[in-house]
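This is what each chain is made of:
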Protein chains: 2
Amino acid sequence: MNTAELVELGQQLRVDSVRAAAAAESGHPTSSMSAADLMAVLLAHHLRYDFERPDHPANDRFVLSKGHASPLLYAAYKAAGAIEDAELVTFRKLGSRLEGHPTPRRLPWVETATGSLGQGLPVGVGIALAGKRLDRTGYRVWVLCGDSELAEGSIWEAAEHAGYEHLDNLTVIVDVNRLGQRGPTRHGHDLDAYARRFQAFDWHTVEVDGHDVDAVDRAFGEAESTTGQPTVVLARTLKGKGVAAVEDREGMHGKPVPDAEEAVAELGGQRGLGVRVGEPPAARMLHSVPTSALELPRYDTGDEVATRDAFGKALAALGHARGDVVALDGEVGDSTRTEMFAKEHPDRYFECYIAEQQLVATAVGMAARGWVPYASTFAAFFTRAYDFVRMASVSGAGINLVGSHAGVAIGQDGPSQMGLEDLAMFRAVHGSTVLYPCDANQTARLVAAMSGLDGIRYLRTSRGAGPVIYGPDEEFEIGGSKVLRSSDEDRLTVVAAGVTVHEALAAADALAEEGIRVRVVDLYSVKPVDRATLRRAAEETGCLVTVEDHHEEGGLGDAVLDAFTDGRPVPRLVRLAVRTMPGSAAPDEQLHAAGIDAVAIAAAGRLLVEEAVVR
Amino acid sequence: MNTAELVELGQQLRVDSVRAAAAAESGHPTSSMSAADLMAVLLAHHLRYDFERPDHPANDRFVLSKGHASPLLYAAYKAAGAIEDAELVTFRKLGSRLEGHPTPRRLPWVETATGSLGQGLPVGVGIALAGKRLDRTGYRVWVLCGDSELAEGSIWEAAEHAGYEHLDNLTVIVDVNRLGQRGPTRHGHDLDAYARRFQAFDWHTVEVDGHDVDAVDRAFGEAESTTGQPTVVLARTLKGKGVAAVEDREGMHGKPVPDAEEAVAELGGQRGLGVRVGEPPAARMLHSVPTSALELPRYDTGDEVATRDAFGKALAALGHARGDVVALDGEVGDSTRTEMFAKEHPDRYFECYIAEQQLVATAVGMAARGWVPYASTFAAFFTRAYDFVRMASVSGAGINLVGSHAGVAIGQDGPSQMGLEDLAMFRAVHGSTVLYPCDANQTARLVAAMSGLDGIRYLRTSRGAGPVIYGPDEEFEIGGSKVLRSSDEDRLTVVAAGVTVHEALAAADALAEEGIRVRVVDLYSVKPVDRATLRRAAEETGCLVTVEDHHEEGGLGDAVLDAFTDGRPVPRLVRLAVRTMPGSAAPDEQLHAAGIDAVAIAAAGRLLVEEAVVR
């Protein structure tokens, strides 16, 4: 396209942004209008993308990090012929694919859900890393950021990661329109301020007038020809550009322009322009997946093995069976044991350093490209990335997250290192799976099984060694449980998972000596939960004790209660969990102090059974 | 002290770090040894701190951001005469104040709990901001960071905030020992790499040999005399410095040195050095608190008011009554309505821009200095700061967090903006309070009441307007509830909070027309929960329906079940919650699609009552 045509295309994108928001009576047209010329140039001259084949292995990847500028994205889809005008004006309406913030659950051309700011770039870095080190089909990743979101630390985690990894297949375009939601940004139109920051993280920077289409064209070209560094194009723009009533004015964020008809006229009216987006080069289909039979490590019952060790070995084995499995570390691979994978599959191992948001974002980006990521850090530190986990579920991303050092059982390190909220956090995510194995063979099986599930999959491992109680051929269904002790005379059921399974077994032995027979359920699948087994246990034994190395809210106890929320009467139940703030102490002292060891379980069980008799 | 004495003091700190870890048989001596000379110089020549009066208003504030180097901190306390040697060797033992990672819950000289990396600096920025703009007693904030933690985005959020606010009362010392937990850091000993980054964020930087005590002394002096900018002292050090078996060697993180006795000898043996830490200047006690009678806004029943509006007005009123209340915004003050506070109390309003980790960290820092912070953003975006909330509870910090735009009821913006995990997230935090008002008068009362509680207090507000149902003089106990409909013939209880209260009332009306009398409980205090009222309702009505604008895990439904986990039989219960991934739609369409509107409640209630009859 020539200059005039590019200008016209930019105006059409503005017009359609205004129209979409007007039809919806909500949305962010002014945030779209500032970036319209940037989008026009990208579409017409730089992006290589086959809209009919969004899975084309050499397609460039575009991420709208400023997800609220969705009208611009949908206007671009229309210009590219991917959607019709009739669909454009369904924006934000019930049932429309064109949501307020774009998501790949609804639209095949969206790489990742955005709308929580500061996430598009981190995920884009993950995709670019996959492009550079795994896919190698030559695609470029384009990320359009707002200026407000540069205040998010996650942006600088991502900038550090991309600079360090020399991701010259990554171009970030920052729409520096000077105005955030409630007023001016910190740095206004000071492009140099942003340039200094990106340069410090070893990026190539280009500053440009974002409404000068030829200058923008040259800037994108410069990005494409830069090697050894990612490039950021810092574009000076005006929010609401082109419509005097809103242009560069405060108080115009996140709402339709006051008079849409007048605005469209001011922008030169509707046009029927189409743009021919460049074709990606021919490329083979994505990564072949060399599969061989999975040979999981096998452990003898009675051996003492930490589940984190079993995880590391199982992941390394899975890496041999599946060429699409990748592992990501948050600079604790020696503790989580992902280092075992690293030794055997260095090409598919990614060190993310102490940057948990980027750790999860990299997983999301790689999953978007068809890889099967396992990202691991301490269970406690996934709390750092909860917003990324939440948004990954909005994306529908399939990622495996493995948290080690769960609970007070870690011992001396104290509460800062103890995952005590992780079960609650992951259970509350839509469509998630939450697993908590208690022995090495179970861990190995679950590590393999989780790779095939949908959505967010979380597995919790323990620091200390515990006895192997299952044989290596035992199978563990997702959504299942194991009844470890059972008789016709059971008067109580203890439901446990992970370290508390071993405490529960000891408590059952102690109570059996007193003549109280106890059923023990290993609830390794915390979500989905095995309702049938829990209901049967409740009916047959009448009393339940749940015991977990986790705070009392949102964890195992609540998962058990979930089996009794369909209107049927719930059994007598006592919940043992961590109710105090732990300090430093040895692991067994911690379990005792928290009241989740065998002694506490036996005491609670005894009391419950006696009360049931009295009543 | 002269050079030789400083060197000796540094060696003593190393010796005591080695001894503490040896006694504990765990801990991080090598991470302590790298920073020992930095600590010696700080203690002897720069820190102004009265250990007998940790609440002295002019005390400098020291934050150990690399919290795992706790042996060094405790060795410093010993040298300063704050603790005895006998206590030093209780390190990491059950009941000791000297936990694996330091926390103010146990030690009066600790400003904030650390151990999750990348948090000490953000909190230090909050304290420095309080020092600069609120306390004005001239104290300096010293933060000792590790180099590994500079990979955390939160560090750069904090760096941006401090540079922008010109916090020249803040000095960060980075112990660049080149080695992380599992191996070399990204930048090793490249001090320039870090300097470039801090300079880009408008910091003054000094590079120094961290084992040259005179050079370190000069560097700290330079920091003290720098105006208009925060200073970072980048110190090149060796991990495990002074003991050949561990010095600058990989694989020596987080464990005692192999032979402690030999190491102590190599370091020159035990010394009995004391250090006289400088006195703080005389200063008046912290901020006087001008109090006047609290005049909360009053609303007439039947008016339509959004609870976010009621929050903003109540907070502004509270600001008049209490001079110690401060408000913090994450660049959404126009949406959360904290802008109402900003207009009336600009001196106590802090814009944190889109940086939720820094938002919460600022609150924690200000709370540490005795202020009463209210930090607010969208409920969904507090997920970004979950690790900070978790660590704030380890600190025992008293902070108020207010999340707006809760649930699917926000409407068109879609799932990225909907708080649907927030109740679960905040409930799972130790000692937290979780409030969810349904009308304007209730909101105003709870906003005021939460200021006086211990620990993390969370209040959830709604975007859309709803009817005022309580009079302005109604009182709302924390841990209480309100029974809105009740009769002797109730056959069902509906428990709701926030927007679903209004749906529950409509459902009760509809069922009453069918002859089914329904009790309605407004469970505005989600944690602690009103067990007595729920148990009475269960006993008297037999059936419960819980309904919440939140995912089904960890929220209101689980809070209700919490009342039945003491071994008593639980009632028939059905839980209505958001079980699907929402899209864009109008608020009423969203409630209907999620199955949490009046129609859904009535249907569930009808079924439950009928089933109870059949059984």
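Everything below is about the structure shown above.
Residues numbered from 1 in each chain as written. Chains lettered and ligands numbered in written order. Predicted model: local features only at pLDDT ≥ 70, side-chain atom pairs only at ≥ 80, totals over all residues. Heavy atoms only, no water.

(A) Spotlight on the relation of the copies chain B and chain A. Superposing chain B onto chain A takes a rotation of 180 degrees plus a shift of 0.0 Å along the axis, which leaves an RMSD of 0.0 Å. What we have between these two chains is a two-fold relation. Interface overlap between copies is the fraction of interface residues in one copy that are interface residues in the other; for chain B against chain A it reaches 100%, indicating a shared surface. (Least-squares fit on C-alpha atoms with pLDDT ≥ 70 in both. Contact = heavy atoms within 4.5 Å.)

(B) Geometry of the interface of chain B and chain A. Between chain B and chain A, the residue contacts involve 108 residues of the former and 108 residues of the latter. Across the interface of chain B and chain A, roughly 8,800 Å² is buried in total on both sides, 50% from carbon and sulfur atoms. Seen at the junction of chain B and chain A, the total is 22 salt bridges. Between arginine 197 of chain B and aspartate 202 of chain A there is a salt bridge, with the nearest N and O atoms lying 3.4 Å from each other. Taken together, chain B and chain A are joined by 62 residue pairs in polar contact (both at pLDDT 80 or more). Its residues assigned to classes, the side of chain B that touches chain A shows 36 nonpolar, 35 polar and 37 charged. (Buried area = accessible area lost by both parts, 1.4 Å probe. Salt bridge = Lys/Arg side-chain N within 4 Å of Asp/Glu carboxyl O. Polar contact = N/O pair within 3.5 Å; in protein donor to acceptor, adjacent residues only side chain to side chain. Nonpolar A, V, L, I, M, F, W, Y, C, P; charged D, E, K, R; others polar.)

(C) Layout of the pattern of salt bridges. Residues and elements named next belong to chain B. This model, assessed by the stated rule, comprises 82 salt bridges over all chains. Its salt-bridge partner being aspartate 16, residue arginine 19 comes within 2.8 Å of it at the nearest N-O pair. Of the two residues, arginine 19 and aspartate 16 are both situated in helix α1 (residues 3-24); the distance of three residues between them amounts to about one turn of the helix. For the residue pair arginine 19 and aspartate 16, the accessibility class agrees, reading buried in each case. (Helix = DSSP H or I, 4+ residues; strand = E, 2+ residues; numbered from the N terminus. Buried < 20%, exposed > 50% of the residue type's maximum accessible area, 1.4 Å probe, protein only.)

(D) Looking closely at a negative patch on the surface. On the surface, Asp259, Glu261, Glu262 and Glu266 of chain A cluster together into a patch of negative charge. Following the sequence through the fold, glutamate 262 of chain A ends up in helix α10 (residues 260-266). (Patch = residues over 30% accessible without salt bridge, like charges linked within 9 Å, V, L, I, M, F, W, Y side chains within 5 Å. Areas by Shrake-Rupley, 256 points an atom, 1.4 Å probe, with all protein chains shown as cover. Lys, Arg positive; Asp, Glu negative; His and termini not counted. Charge placed at Lys NZ, Arg CZ, Asp CG, Glu CD.)

(E) Looking closely at the packing of α1 of chain B against helix α3 (residues 36-46) of chain B. All names here are of chain B. Between α1 and α3, whose axes approach to 8 Å, the crossing angle comes to 120 degrees. Relative to α3, α1 is oriented oblique. Viewed along their axes, α1 and α3 form a crossing whose handedness is right-handed. Packed against α1, whose contacting residues are Leu6, Leu9, Gly10, Leu13 and Arg14, the element α3 presents Ala36, Asp37, Met39, Ala40, Val41, Ala44 and His45 at the interface. Each residue belonging to the contact of α1 with α3 can be placed in one class, and the counts come to eight nonpolar, two polar and two charged. (Axes fitted to C-alpha atoms, helices over the stretch in contact; angles between N-to-C directions. Parallel < 35°, antiparallel > 145°, perpendicular 65-115°, else oblique. Left-handed = near helix turned anticlockwise from the far one by under 90°.)

(F) Region of the structure containing the nonpolar core. Ranked by size, the top nonpolar core spans 277 residues in total, and within it Leu170 of chain A together with Leu170 of chain B carry the most contacts. By size, the runner-up hydrophobic cluster in this structure holds 49 residues, among which are Ala24, Leu47, Ile173 and Val208 of chain B. (Core = buried A, V, L, I, M, F, W, Y, C linked by side-chain atoms within 4.5 Å.)

(G) Inspection of the packing of aromatic side chains at higher detail. Following the criterion strictly, the structure yields 38 aromatic pairs over all chains and no others. Put simply, the rings of Trp156, Phe198, Phe201 and Trp203 of chain A together with Trp156, Phe198, Phe201 and Trp203 of chain B touch in pairs and so form one group of aromatic residues. Cation over ring: arginine 460 of chain A sits above tyrosine 436 of chain A, and NZ or CZ is 4.7 Å from the ring centre. Looking at lysine 482 of chain A, its charged tip hangs above the ring of phenylalanine 476 of chain A, at a distance of 5.2 Å from the centre. (Phe/Tyr/Trp six-rings, centres within 6.5 Å; stacked < 30°, edge-to-face > 60°. Lys NZ or Arg CZ within 6 Å of the ring centre and 35° of its normal.)

(H) Geometry of helix α18 (residues 499-513) of chain A. When the terminal C-alpha atoms of α18 of chain A are compared, their 22 Å separation across 15 residues agrees well with the 21 Å that a helix rising 1.5 Å per residue should span. Of the residues one or two after α18 of chain A, glycine 515 of chain A is the one with positive phi, at around 90 degrees. (Expected span 1.5 Å × (residues − 1).)

(I) The arrangement of the side chain of threonine 112 of chain B in detail. All names here are of chain B. Along the polypeptide, threonine 112 turns up in the loop between α5 (85-88) and α6 (120-135). Threonine 112 gets classed as buried once you look at its relative accessible area, which sits at 5%. In this structure the side chain of threonine 112 is engaged in a polar contact, spanning 3.3 Å, whose partner is the side chain of serine 395. Aside from chain neighbours lying at most four places away, what touches threonine 112 is Val63, Pro102, Pro104, Val123, Val364 and Ser395.

(J) Region of the structure containing the sheet that holds strand β7 (residues 325-329) of chain B. Residues and elements named next belong to chain B. Strand order in this open sheet of seven strands is β8-β7-β9-β10-β12-β11-β17, and the pairing throughout is mixed. On the outer flanks of this sheet lie β8 (349-351) and β17 (525-527), each paired with one strand and no other. Averaged over all pairs of adjacent strands, the angle between strand axes in this sheet comes to 20 degrees, irrespective of strand direction. Sheet strands touched by helix α11 (residues 307-321): β7, β9 (372-378) and β10 (399-404). Its angle to β9, the strand with the most contacts, is close to 165 degrees. (Pairing = 2+ DSSP bridges.)

(K) How the structure looks around the state of the cysteines. Residues and elements named next belong to chain A. Enumeration according to the criterion identifies zero disulfides over all chains in this entry. Sulfur of cysteine 145: no disulfide; nearest cysteine sulfur belongs to cysteine 352 and is 18 Å away. When its relative accessible area of 0% is taken as the criterion, cysteine 145 is described as buried. Residue classification places cysteine 352 among the buried residues on the basis of a relative accessible area of 0%. (Disulfide = S-S within 2.5 Å.)

(L) Representation of the environment of alanine 504 of chain A. Residues and elements named next belong to chain A. Assignment of secondary structure puts alanine 504 in helix α18. It is 9.0 Å that separates the C-alpha atoms of alanine 504 and isoleucine 596, two residues lying 92 residues apart in sequence. Apart from residues lying up to four places away in sequence, alanine 504 is in contact with Val494, Ala496, Val520 and Ile601.

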